[in-house]
Every structure is written in structure tokens, then in C-alpha cells.
Amino acid sequence: MIDRPLKEKIAKLYSAATKISIVLAVISIILSVAMQTLHSALGKADYYLSYTAVLILAATPFIGITLAVFHYITEKNRKMLLFSVLIMIILVAGIFFKI
Amino acid sequence: MTLILLLIVGFVTGALGALLGIGGGSVIVPILVIFFNFPMHTAVATGLMTIVATSAAVVPINILKGLVNLRMAIFLETVTVLAAFTGGIIGNHTNEHVLEISFGVILFMIAMLYVRESLKKSNEISYETSSVSLFSDSYFDTDTQAEIKYTPVKLKVAAATSAFAGFASGTLGIGGGVIKVPVINLLSRVPIKVAIGTSNFMIGLTAAAGSIPYMLYGKTSPTTSITMVLGVIFGSRFGASKFQKIKDKRLRILFAAVLTVIAAQMFYKGVK
């Protein structure tokens, strides 16, 4: 298997993101149930926690791929780097201008 | 009660997704539309988030087993991510019935591809081992107790097909694994376990890119998504732990059967 150190880093990143998401999801579900039964005035806490968990999950693959790209920079693989940077720019521009 | 049902559906589809290398979106989207009466766009957004969760849960296991060809995944994803983002924008502006019918038709075509492969007398695929390229890799197969070396071929065609899968992912809320796995396996001549592992890694990025437009247009339901995600994460880990125990041919037959049923249901819902 090639790129073992990089693969270990990515595995750690994904594991951490999954664990954080699980914790946030459990808290969010408990809050959601509590708010329904107790009519609590906690506002939209469960919504924001859910949204945070969703955003963490959505960001994880992008961070993983960025890690990989930085790893490959050391091998001077410029084509791969330029493609990835281009995609990032287009995605960020898309979000910024609300296409 | 709905909460528990969503958790159960998430668990089952997560396990199925890990076994078959699909994100589970192709199962979750129709279930949310048919049984939970979700609007198609919200179901698609939820499907995409659960795909990201399936991928996130399975990647650490697969990548350490050597079942993810990282270089090939990055190469294929360069075009796939852009296509998924575009698909997400177009999907937001498309009529629900059109999306449902398209969903049914595409899934049926993929199921037929798998049926054809399963009916072949031999499912053995000769792996390219004579040449070595930037994308060459190997993994230890626990079934044969041997190190399997391979070199992916026809990567440009695979990238084009993967881009189509990305577009379908963003538009219809499927991970695109249903298209990527056969392409990587049959066209690029990569062992099925690596094809599934690599696809699982790729669909996370594809679905994350596809979900961005839905977040921008406010079509997501974070609470529903995260409930299903919780089920999916545990289901995926369960599925991944049984991963190497299932034979290749049985995988394909199971895959085709599931897809045919779902395709018929979605098509019916679209034309009703």
C-alpha cells in the first residue's frame, strides 16, 4: 500500500469528524425531544447543533482532499494541485455569489 | 415514533451502503419521498448528507485496509466535484416529478448493468499488473491471503463517467457510487473491493459538493438529516466490519435486486 502516512492522517481526520458529529447529533436529538415534551424555551438550540454537525460532516471530505493535495505538493505533482485549487475557487465563488 | 423510524432506516441503509459501496442516497431518497411524504428536494438534500456520513464512517476502516486508491480518487474527483455542484444547482430548479422519473430510469439502467454482469459465466476480471503508473497500488486480500497488485487503466473515460455520476448525485441525491463502482471495477480493471472502497471515499466529497446548493437555497432539514446520519454512521460501521466476508458475485446480485425495486417505486411515484 502506497502513501501509508497520508492515509493514516486522513483516517484520523474522518474518525474525529464522525465522533464529533455523533456527539452533536445525540445532544441535538435529546434537546429536540426535550423541547417537544417540556415546551422548553431553549430556542433553536437543537436546530443550530444539527446544522453544526451537518457542516462538520460536509467540510470533512474537503479537508481530507486538501490534506492529500498538500501531501502531493511535496512530490511536485502540480497538475493535481492546480485542479484542486481551481475547484476550491469555483466552489467558494459559487457560495459567495449564491449561484 | 418518526424519530425512531428515521434512525432505523438510517441504520439499514448505512449497512447496505457500506456493503455495496453506495452512499445509501439511492435508498434513502425514495424512502423519504414514498413513506415519509418528504418533498423531493428536501429528500435529496437529506440523502446527500447521509451519503457524506456513510463515507465519513467507512473511510477510516477502508483506507487503512488499503482499499482506497487515493491518487485515482483525487484524479476522478477533480471533474466529479464540479459536476456535482452544477447538478445541485440544476436540481434545485427542476420539477419534482421530473426528478422522480429521472431517478427511476437511471437506477433501472444501473440495475440492468449489474444483472448483465452477474449472468456472465465468469466474473473474473483480469487486473493490469504488467505496467506501473502513478496510480498503481496494492492491498492485502484476506480471502486469498495474498497481496493484490493492480494498475488502473482508461482513467480519462472513467473520469468522464464519474463526472456524469457527480451530476446525477447533485441532481438526484444519490452518491453516484451506483455508477462509479462498476466503472472503476469493470472499465478501469480495479479489484471490486478497492472499487467499492475508493467509491466510498469519492462519494463523500461528491455529495458534500452537491449539498452546498441545497444549503444555499434553504432546502435542507438539519434535524431530519442528523437523525438519519446517526443511524447511517452506526449502520455503515456494521456493514464495513462485514465487508470482506461477502463474495463478489453475491454483491452484484444483491445490488441489482435492491436497485430494481427502488427504481420501479420511484418511477411509479413520478408518473402518478
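Everything here concerns the structure above.
Residues numbered from 1 in each chain as written. Chains lettered and ligands numbered in written order. Predicted model: local features only at pLDDT ≥ 70, side-chain atom pairs only at ≥ 80, totals over all residues. Heavy atoms only, no water.

> I would appreciate a short explanation of a nonpolar patch on the surface in the present structure.
All names here are of chain B. A cluster of nonpolar side chains, contributed by I4, I8, F11, V12, F234 and F238, occupies part of the molecular surface with about 570 Å² of accessible area. Those elements that provide at least two residues to the nonpolar patch are helix 1 (2-20) and helix 9 (222-241). When residues in the nonpolar patch are grouped by element, the largest group, 4 residues, is from helix 1. The residue I8 is located in helix 1 in this model. Given a relative accessible area of 47%, I8 falls into the partly exposed group. (Patch = residues over 30% accessible without salt bridge, like charges linked within 9 Å, V, L, I, M, F, W, Y side chains within 5 Å. Areas by Shrake-Rupley, 256 points an atom, 1.4 Å probe, with all protein chains shown as cover. Salt bridge = Lys/Arg side-chain N within 4 Å of Asp/Glu carboxyl O. Helix = DSSP H or I, 4+ residues; strand = E, 2+ residues; numbered from the N terminus. Buried < 20%, exposed > 50% of the residue type's maximum accessible area, 1.4 Å probe, protein only.)

> Could you clarify how one ought to interpret helix 8 (residues 192-216) of chain B in this entry?
Structural remark: α-helix, 3.6 residues per turn; residues separated by three or four positions point the same way. Residues and elements named next belong to chain B. With 25 residues, helix 8 ought to run about 36 Å at 1.5 Å a step, and its terminal C-alpha atoms sit 36 Å apart, in line with that. Of all 25 residues that make up helix 8, 24 are buried, and the element is covered over most of its length. Just downstream of helix 8, G218 is the residue with a positive phi angle, here 70°. (Expected span 1.5 Å × (residues − 1).)

> Looking at this structure, how should I read the packing of helix 3 (residues 40-64) of chain B against helix 9 of chain B?
Describing two packed helices takes the angle between their axes plus the distance from one axis to the other. All names here are of chain B. Direction vectors running N to C along helix 3 and helix 9 enclose 30°, while the axes themselves pass 8 Å from each other. The handedness of the crossing between helix 3 and helix 9 is right-handed. In this structure, helix 3 contributes T46, M49, T50, A53, T54, A57, V58 and I61 to the contact, and helix 9 contributes T224, S225, M228, V229, V232, I233, S236, R237 and A240. Across the contact of helix 3 with helix 9, the residue classes break down as 10 nonpolar, 6 polar and 1 charged. (Axes fitted to C-alpha atoms, helices over the stretch in contact; angles between N-to-C directions. Left-handed = near helix turned anticlockwise from the far one by under 90°. Contact = heavy atoms within 4.5 Å. Nonpolar A, V, L, I, M, F, W, Y, C, P; charged D, E, K, R; others polar.)

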